[in-house]
Amino acid sequence: MSNAVEIALIPLLPLAAFIVLGLFGRKHFNQSAGIIATTLLTTSAGLAFYTAYQYFFQYGKVAGVYQKVIVFKYTWLQFSEGFSIDMGAMIDPITAMMLVVVTLISLLVHIYSLAYLKGEKRFATYYAFLGLFTFSMLGLVLSSNIFQLYIFWELVGVSSFLLIGFYYDKPSAVAACKKAFIVTRFADLGFLIGILILSFYAGTFNFSELIERLTSYESSNLLTAINASFVGISALTWGLVLVFIGGAGKSAMFPLHIWLPDAMEGPTPVSALIHAATMVVAGVFLVARLFPVFQMSPPAMDIVAYTGIFSALFAAIIACTQTDIKRVLAYSTMSQIGFMMFALGVSKTGGEAGLGFTASMFHLFTHAMFKALLFLGAGAVIHYVHSNDMKDMGGLRKYLPITHITFLIACLAISGIPPFAGFFSKEEILLAAYQQNHLVFYAALITSGLTAFYMFRLYFSIFWNTAPSPLENLSKPFGRTGGEAHGDHPGEGGFAMMMPLVLLAIASCIAGFIPFGNFVTTDGKALASQMHLSFSIAPVALAVTGILIAVLFYKTNNNKADKLAASLNGFYKAAYRKFYIDEMYLFITNNILFGIIGKWAAWFDKNVVDGLVNATANGTGELSEKIKTFQSGKVQQYAIFFLVGVIGLAVLFIYIWK
Amino acid sequence: MLLLPGLYHLLFISTALFFIGMFGFFTRKNLITMLMSVELILNSVNLNFIAFNKYLWPNRLDGVFFTIFVIAIAAAEAAVAIAIIINLYRSHQSIDVAQTEEMKY
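Counting restarts for each chain, with residues numbered from 1 along the sequence as it is written. Labels are handed out in written order, letters beginning with A for the chains and numbers beginning with 1 for the ligands. Only residues with pLDDT of at least 70 are given local features in this predicted model, and only at 80 or more are side-chain atom pairs given and counted; all residues enter the totals for whole chains, interfaces and linings.

Moving on to the overall build of chain B. Counting its secondary structure elements, chain B contains 3 helices and 0 strands. Strands are runs of DSSP state E lasting at least two residues, helices are runs of H or I lasting at least four, and both sets are numbered from the N terminus onward. The linear arrangement of helices and strands in chain B, starting from the amino end, is α-α-α. Relative to the 2.2 N^0.38 estimate, which gives 13 Å for 105 residues, the radius of gyration of chain B is 18 Å and therefore markedly larger than a compact globule would have. Here chain B holds 105 residues, and the buried ones make up 9% of them. Residue pairs at least 24 apart in sequence account for 49% of intrachain contacts in chain B once pairs closer than 6 positions are excluded. Each radius of gyration reported is based on C-alpha atoms, and the globular scaling rule is 2.2 Å times the count of residues to the power 0.38. Between the buried cut of 20 or more and the exposed cut of 12 or fewer other C-beta atoms within 10 Å of a residue's own C-beta lies the partly exposed class, and all C-beta atoms are placed from the backbone. Working definition of a contact: two residues with C-beta atoms, positioned from the backbone, lying within 7 Å.

Quick look at the structure:
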């Protein structure tokens, strides 16, 4: 391909930013780090947009079907003839779409951070980490084989870890980054085993051949994978489920979601980039990438669908009770990713039945826009109030007019109110669910009503309601200590912070009108976007109801919400405590893992393993005590030993060893 | 009657010299005496070389050459040994091996 260089540059420019700023940033570029990184990323984003444009409108389509294009590839590790790990770049519709999303959001976050982290001591380090993350994420979406994807998958995990723990002097941030890393790493173990199973049966790591060999019933690879079984479940299903566990860990699906709310300890722009728009959808991307193979195993598809819908509903309920605004957004992210996941899970291949796939990718795209907007808006609020808790906020619409408007647009978008972006994608998802699985559909309907409620609860608590008294004298910092805002200049943070908000707000308004079915479908053929007005009535009505309830409860300061919470006492408390999942994990680790398995392992280690080592050392010591007297310092004694030795050798050579 | 010494006479003398040297080396405590004992051992070997050369291959000179080598090496060895003995005397005011036993475990 003639444009291989351009495509290779897309991930390599952020990598360059990482290397330069990581090595020399703190000494030489601490002031200019933001400008350098932003410039490099602007170029990268330009190239990504150009690549996506070229792919979608020039060379991507052959006879009306979008092709997978291998841009470049070279063999990295050759195991045997025809079996190797390659490094390369592949472009297909979802990759092109992800390129656009990742570079766009990353660029806006770079710009936003210029103002948000101004004055931060480790400014250059921050931009270096952002560069590393962007590089890994772009590498992940461009990967041409599953092993390369795994490498970048771990790299995004590492950069997420680094960025969550960016304020490493804050114990909660340190705990959060460790939690995120350990939980996702644990899930990645499943992913790795899944990769090995799938590529063992397919005999290749490359996506195109892997999908080809595992989806055609004439292929012997597929038949072996289906016939080989373990505990009554076919190897194919095992492989896919294990791969999905990896994806669920990254995408914060129940029960591996516990790291995501805590990950909000990172700087808010990072939450917008990594924990809302890009990295957390990697799991969705992974399932979408292997979608044709998932199709071969209905049980795996069911697991995807039901995990998705359960996580969506579960997270939405928790989101209604949280008071930390970033945690509300985190649970809402989890809920929306649940939407994408179950949309994939209910989808079939080809034409109309493949609507779920298109809808899922569409929602991924629009969600990235409005969720990044919500996080950046929340960042502006936190920057202003110096607190994360919505109890410290209220009445902010007068102080933060631009943030207010853009936040409102994002809330409308995520609630699915026409004509904002979320409406279109969510309607498609609901329609796809309705066509395939009614149970999932009704759960999704409830969830979307809840979504509208908790988003507007958030919106009204921040921007309406009554301001708590300290808001009047904002000149002095107040609220939770250890907040992440820098400097105490009042106002909205200037052009650098408002420009991304406005751009994303515009995107949230118009992204819904993109005819997504033309670009991303299961079979690469265009799919006419479906929109039935009558079908939309129920979801929109539910969303409006949710909003109205929120208006009633939170627009003015009243105790209706508290009364409702009191009447739902037990349930409310359980939801507020996140259904005790964290406690359950702690119980399992402390009592079962540490208490039962760990105790015996420690005993074995102390007594058997250490005992063996100590016995060796003691034995050697005692032996040397005994033989050290041979070295007496008496010259003539040495001479006798020498004589005895010579005589011994003489006897040996003359009589015994003839 | 003239009694010519045969091979066995020479070998007997050589063996006697060797064991005298060995005995001296193991029993004397004086380093110079020990050095002399070593010289006795070397000379017993020299005598062996000469005797075998004369009685087994009378028309060759290998044994004689070897003896000359051994004498040369022994001279060098004596020089080194005496240097060591002098140094030892300087540090210990004695050349008695029984008093220089601190180089041990």
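The next point concerns the nonpolar core. In these notes, a nonpolar core means any group of buried Ala, Val, Leu, Ile, Met, Phe, Trp, Tyr and Cys residues linked to one another through C-beta atoms within 7 Å. With 219 residues, the main nonpolar core has Phe342, Ala372 and Val381 of chain A as its most contacted residues. Take this core: its biggest share by element is 21 residues, from helix α16 (residues 355–385) of chain A.

This part covers the pairing of strand β3 (residues 69–80) of chain A. Along any regular strand the residues' side chains alternate between the sheet's two faces. Residue and element names in this part refer to chain A. Counted residue by residue, β3 has 1 buried out of 12 residues, so it is predominantly exposed. Note: two strands are recorded as paired if DSSP finds a minimum of 2 bridges between them. With 9 bridges connecting them, β3 and strand β4 (residues 83–91) associate as antiparallel partners. Residue Gln78 lies in a different strand from β4, and its bridge partner there is Ser84. Where β3 hands over to β4, the hairpin turn is made up of 2 residues, of which Gly82 adopts a positive phi near 80°.

This next bit is on the environment of Phe123 of chain A. Residue and element names in this part refer to chain A. Checked against the element boundaries, Phe123 lands in helix α4 (residues 123–142). On the basis of neighbour count, Phe123 is assigned to the buried category, with 23 C-beta atoms found within 10 Å. With 171 residues separating them along the chain, Phe123 and Phe294 place their C-alpha atoms 43 Å apart. Look past the residues within four positions of Phe123 in its chain and what remains in contact with it is Asn30, Ala33, Gly34 and Leu117.

Turning next to helix α7 (residues 207–215) of chain A. Residue and element names in this part refer to chain A. Listed in full, the buried residues belonging to α7 are Phe207, Leu210, Ile211 and Leu214. Down the axis of α7, the sector holding all buried residues measures 95°, keeping them to one side. For α7, the secondary structure elements touched by its buried residues are β4, α5 (146–164), α6 (171–202), α8 (220–227), α12 (282–289) and α13 (291–295). Read the arc as the range of directions from the helix axis to the C-beta atoms.

This part takes up the confidence of the model for chain A. The predictor reports its confidence for every residue as pLDDT, a score running from 0 up to 100. With 95% of its residues at a pLDDT of at least 70, chain A reaches an overall mean of 83. In this model, residues 472–489 of chain A is a region of pLDDT below 50 whose contacts with residues beyond four sequence positions or in other chains number 29 contacts.

Next up on the list: the confidence of the model for chain B. Any segment with low pLDDT has predicted coordinates that should not be analysed in fine detail. Residues at a pLDDT of 70 or more form 98% of chain B, whose mean pLDDT is 90. Scored as a complex, the prediction yields pTM 0.77 and ipTM 0.85.

Turning our eyes to something else, we now look at unusual backbone geometry. Cis geometry is adopted by the peptide bond preceding Pro255 of chain A, which originates at Phe254 of chain A and carries an omega value of 0°. If you trace the backbone, Pro255 of chain A turns up in the loop between α9 (235–250) and α10 (259–262). The residue after Pro418 of chain A, namely Pro419 of chain A, is reached through a cis peptide bond having omega 5°. Position of Pro419 of chain A relative to the elements: it lies in the loop between α17 (401–415) and α18 (421–436). Positioned with a positive phi, Ala252 of chain A is a non-glycine residue whose angle comes to about 60°. Looking at the element boundaries, Ala252 of chain A is found in the loop between α9 and α10. Assessed through the 30 C-beta atoms surrounding it within 10 Å, Ala252 of chain A is described here as buried. A positive phi angle, near 55°, is found at Gln93 of chain B, a position not held by glycine. Mapped onto the elements of the fold, Gln93 of chain B is located in the segment after α3 (62–92). For Gln93 of chain B, a count of 8 C-beta atoms within 10 Å puts it in the exposed group.

Turning to the packing of α16 of chain A against helix α20 (residues 494–510) of chain A, a few remarks are in order. All names here are of chain A. Only the stretch in contact is used when a helix axis is fitted, and all axes are lines through C-alpha atoms; the angle between N-to-C directions ranges over 0 to 180 degrees. One can describe the packing of α16 onto α20 by two numbers: an axis separation of 9 Å at closest approach and a directional angle of 150°. Taken together, the axes of α16 and α20 are roughly antiparallel relative to one another. Like other packed secondary-structure pairs, α16 and α20 cross with a definite hand, here left-handed. Together, Met369, Phe370, Ala372, Leu373, Leu376, Gly377 and Ala380 of α16 and Met497, Pro500, Leu501, Leu504, Ala505, Ala507 and Ser508 of α20 make up the contact between the two elements. Three classes are used, and their members are as follows: Ala, Val, Leu, Ile, Met, Phe, Trp, Tyr, Cys and Pro are nonpolar, Asp, Glu, Lys and Arg are charged, and the others, Gly among them, are polar. Partitioned by chemical class, the residues of the contact of α16 with α20 number 12 nonpolar, 2 polar and no charged. The scheme is simple: roughly parallel for angles under 35 degrees, roughly antiparallel for over 145, roughly perpendicular for 65 to 115, oblique for anything else. Crossings are assigned a handedness: left-handed for a near helix turned anticlockwise from the far helix by less than a right angle, right-handed for a clockwise turn.

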